[in-house]
Amino acid sequence: MKKKIISTLLVIAALAAAAPAGSAQTAARMDERFDFDWKFTLADVPEAKEAAFDDGAWTDVQLPHDWSIARPFAGDDWRLGSMAYLPGGVGWYRKTFTLPAELTGRQIYIHFEGVYHRSDVYVNGKHVGFHPYGYTGFEYDITPHIAFGEENVVAVRVDHSDSPTSRWYSGSGIYRHVRLKALGPVHVANWGTYVTASRIGSESAGVDVRTSLENHSGRRATVVLESEIRAADGSVAARVSSSVDLAAGGDRTDVGQSLSVAGPRLWSPDSPAMYTLVTTVREGGAVVDRCETPFGIRDIRFDAGKGFFLNGKPVKMKGMDLHQDAGSLGAAVPDRSFERRLQILKEYGCNAIRCSHNPPAPAFLDLCDRLGFLVIDEVFDKWKSGYYAKYFDEWWERDMSSALLRDRNHPSIVLWSIGNEVAEQNDTTQAGVQRLTMLQDFVHRTDPTRKATMAIAPNDIRKRTYNATGFNDALDVVGYNYQEQFFADDHRRYPGRIIYASEVFPYYRSSRERVREYGERNPWYDTAENDFVFGYFIWAGADYLGESSGWPSKGWPTCPFDLCMFERPMATFLRAVWNDDRPVLGIAVVDQSLDLDPGKDHWTWPKMASHWTWPQYRGEVLHVQTVTNCEEVELWVNRTSMGRRKLSDYPNNTIEWRAFYVPGTITARGYNGGVEVVSYELSTAGRPAGIELLADRAVLAADGQDLSHVTVRLVDENGVVVPNDDRTVTFTVEGDGRLAGLDNGDLRSSESFKGDTRTTYFGRALAIIQSGRTKGAIRLKARVDGLPEAAVTIVSE
């Protein structure tokens, strides 16, 4: 017998029916996440679209869901390197739900934040839509197909049989949230509010609101549209009302309103102040719709000679290019995983993100607003090349519209990127310029408050065709991929060009003659020393799956942070140069024999490790680096000083040393003005004596989505991490929680991300616990042969 799943909309509808006419309960739009109690099968089953189909043998899943991340690696198929050697396929999802009869007369919509890719959606056997692009959201009006008071079935076919399609790991499936909405016949349209700020001063700011209303009632309607701005403390900062006549038929009617906010708090990375627009629609005195739109008040300006200005002040973007996957979680990334990543990067000194190379999840942008990041929102990777080529002509405008309308109210977004290293940049026939202009003009029409950009990379560094054809001249803002050596020359030749480093090598620098020059002056300085270069985005900020250099590596392994978001020793460089307000100091031993995934040559760093456990080199001289922003550093090996050295005598904020290895400690002390301001010490580890489990959060929400990231460390009897004696750890979970993923940061590992064992790497691993939907204790246990069992308790409430 088919399992009957009653949506919480039943409860909401019951409350609404019981409430007095005109009350808030009657008016509230019903909009809930539709993530739980789905069925899934990895097979093409055409008859699964029918409501009567028996899915009892299918697997229970919850969304977001990525089926590829749980599949066995296919290392024998070289084509899958861009997909982390994880296969795609065709999958079907089904969900049974009931909407009460009291909702009859409402408009029912199902909203998908992202499905990868080529999805077909059916409701009670009826096809409601096809969406090919895997990175934009979409919504269907399913009202005609709903049986109120009876069971309904939504079925989704996802076709990733053409995998790999993106140049990086895309995942497969309904990998973002789904929402179900029940709205009155008269309501605010999907993505139907547009909030912009102008005339910004210390005493007041003008706020312009454009609201799109729809009337599906079959009759003409006269409504009152109220827009109310609330500050973070809930106080009303401004309010305006307008009477609007709406024709029948469901067409959109756009309504413009203007408000003024006194004493506005301006949004910035240092002070990410947010406001909320509360939109209320009344008909005959009754509230028929209400929705909220977070936004921020800030002023942005780009200057070809002086860079980027935020609220009248110059800001240098210290940025990272980020793909969307989260290692062991694949592309199905819960909101908390995004939050953890951004919190780590915020503390690190990063203030800007380039979303590479697709629109991110809505929750990611919400977090960028709240935590304070400047964002370049990228709509496309390629245009008429790559997998999107066959969809471009029919779908580009719909997909751009989806991205821009969805994201335009985020204060964090400062640029729209319309492409990355597209083939058209080298077109000498002007077709490329025409296509660029078409996309950029669409940006200007849809959101006149922001400029368009794209990332340009040299196909031939000596020719740089895009300058000769006028392709770069047509762009509002030009992103330079791996061309920092041309900043000064291009600024002289094209003084009106707005420039930034959209992708840079993490360590090596190119020359005018060749990309692979391996110059050891870090590209950061080309941005830091030129005011006209407004920002720097390292490729990439964190390791990601896919775009492998070859088996056994499953991805890109040369970033400041690994798949676990563990900070690598080389990351100290950007920490040092991005944080002028605090002293930074780190120690690393350079050793080219280290067992590290090499990655692609020009994106690598010298191999190094931050530990002092080198028994193979006892009695030998080691190459040691201290990376710092301090004026001077003194280095000690046990009680022997290696002297004090000035940073100004060395390049790359890195002081070089040769140190005789003996077990014990190596200590660096940083000085400013002759006063010690920071120290850093490494100790030699003994044999493994125990397991440490360090949970980043001890209390979770019992919502079935929340996460705790548990760092697993092999330690000796003194608590020092043991980097040279890795062991296999077996995990078990007790209580209403589950092991969402296991990782160790080594992209060459072929252990399953979804198993119950993981081998440490340099003494560490990561276990991710996801809460269930009941309150109680979740207990994670870790066992290593020959060591005491370890456990940590996490409370779900």
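Quick caveat: nothing in here was measured; it's all calculated off a predicted structure. (Residues numbered from 1 in each chain as written. Predicted model: local features only at pLDDT ≥ 70, side-chain atom pairs only at ≥ 80, totals over all residues. Heavy atoms only, no water.)

Another point: the overall build of the protein chain. Across its full length, the protein chain carries eleven helices and 47 strands. Computed over the C-alpha atoms, the radius of gyration of the protein chain is 28 Å, within 12% of the 28 Å expected from 2.2 N^0.38 for a compact globule of 797 residues. The long-range fraction of contacts in the protein chain, counting pairs at least 24 apart against all pairs at least 6 apart in sequence, stands at 70%. Element-wise, carbon and sulfur atoms account for 48% of the exposed surface of the protein chain, whose accessible area totals about 29,500 Å². Positive and negative charge centroids in the protein chain, built from 89 and 105 side chains respectively, lie 1 Å apart. (Helix = DSSP H or I, 4+ residues; strand = E, 2+ residues; numbered from the N terminus. Rg over C-alpha atoms; globule rule 2.2 N^0.38 Å. Contact = heavy atoms within 4.5 Å. Areas by Shrake-Rupley, 256 points an atom, 1.4 Å probe, with all protein chains shown as cover. Lys, Arg positive; Asp, Glu negative; His and termini not counted. Charge placed at Lys NZ, Arg CZ, Asp CG, Glu CD.)

Along the polypeptide, Phe534 turns up in strand 28 (residues 533-538). In this structure Phe534 comes out as buried when scored by relative accessible area, which is 1%. Considering only alpha carbons, one finds Phe534 and Ile499, 35 residues apart in sequence, at a separation of 6.7 Å. Those residues in contact with Phe534 that lie beyond four places of it in its chain are Phe302, Gly307, Phe308, Val315, Lys316, Met317, Leu415, Val477, Ile498, Ile499 and Tyr500. (Buried < 20%, exposed > 50% of the residue type's maximum accessible area, 1.4 Å probe, protein only.)

A few words on the sheet that holds strand 18 (residues 300-303). With antiparallel pairing, three strands are arranged side by side in an open sheet as 18-19-20. In this open sheet, the two edge strands, each paired with only one partner strand, are strand 18 and strand 20 (313-314). By the bridge criterion, two bridges tie strand 19 (residues 307-310) to strand 20 in an arrangement that is antiparallel. Bridge pairing in strand 20 places Leu310 opposite Lys313. (Pairing = 2+ DSSP bridges.)

Where burial is concerned, the two faces of strand 2 (residues 38-41) agree: the one with Trp38 and Phe40 and the one with Lys39 and Thr41 are both buried. Bridge count between strand 2 and strand 3 (residues 59-61): three bridges; the pairing is antiparallel. Bridge pairing in strand 3 places Phe40 opposite Thr59. Relative to strand 4 (residues 89-98), strand 2 is paired through three bridges, and the arrangement is antiparallel. Looking at the pairing, Phe40 lines up with Tyr93 of strand 4.

Pairing is antiparallel across the open sheet formed by four strands, whose spatial order is 1-10-5-8. One side of each edge strand has no neighbouring strand; the edge strands of this open sheet are strand 1 (30-33) and strand 8 (138-141). For this sheet, the mean inter-axis angle between neighbouring strands, taken without regard to orientation, is 20 degrees. Two elements, strand 1 and strand 10 (residues 178-183), share four bridges in a ladder whose sense is antiparallel. Residue pairing for strand 10: Arg33 is matched across the bridge by Arg179. (Axes fitted to C-alpha atoms, helices over the stretch in contact; angles between N-to-C directions.)

Time to look at the packing of helix 5 (residues 389-407) against helix 6 (residues 431-446). Two numbers describe how helix 5 lies on helix 6: the axes approach to 11 Å, and their chain directions differ by 30 degrees. Crossing of helix 5 against helix 6: the hand is right-handed. From helix 5, Phe392, Trp396, Glu397, Met400, Ser401, Leu404 and Leu405 reach across to helix 6, where they touch Arg435, Met438, Leu439, Phe442, Val443 and Thr446. (Left-handed = near helix turned anticlockwise from the far one by under 90°.)

All right, on to the packing of helix 3 (residues 335-348) against helix 4 (residues 362-371) then. Between helix 3 and helix 4, the shortest axis-to-axis distance is 9 Å and the interhelical angle comes to 35 degrees. Handedness of the crossing formed by helix 3 with helix 4: right-handed. Counting all contacts with helix 3, which are made through Asp335, Phe338, Glu339, Leu342, Gln343 and Lys346, the residues of helix 4 involved are Ala363, Phe364, Leu367, Cys368, Arg370 and Leu371. Tallied by class, the residues present in the contact of helix 3 with helix 4 amount to seven nonpolar, one polar and four charged. (Nonpolar A, V, L, I, M, F, W, Y, C, P; charged D, E, K, R; others polar.)

Taken as a whole and judged by the stated rule, the model has 49 aromatic pairs. Their ring planes at 25 degrees and their centres at 5.9 Å tell us that Tyr275 and Phe295 sit as a pair that is stacked. Of this pair, Tyr275 sits in strand 16 (residues 275-283) while Phe295 sits in strand 17 (residues 286-295), placing them 20 residues apart in sequence. Across the pair, Phe295 and Tyr275 agree in class, each one buried. Measuring from ring centre to ring centre gives 6.4 Å for Phe392 and Trp396, while their planes differ by 20 degrees; the resulting arrangement is stacked. (Phe/Tyr/Trp six-rings, centres within 6.5 Å; stacked < 30°, edge-to-face > 60°.)

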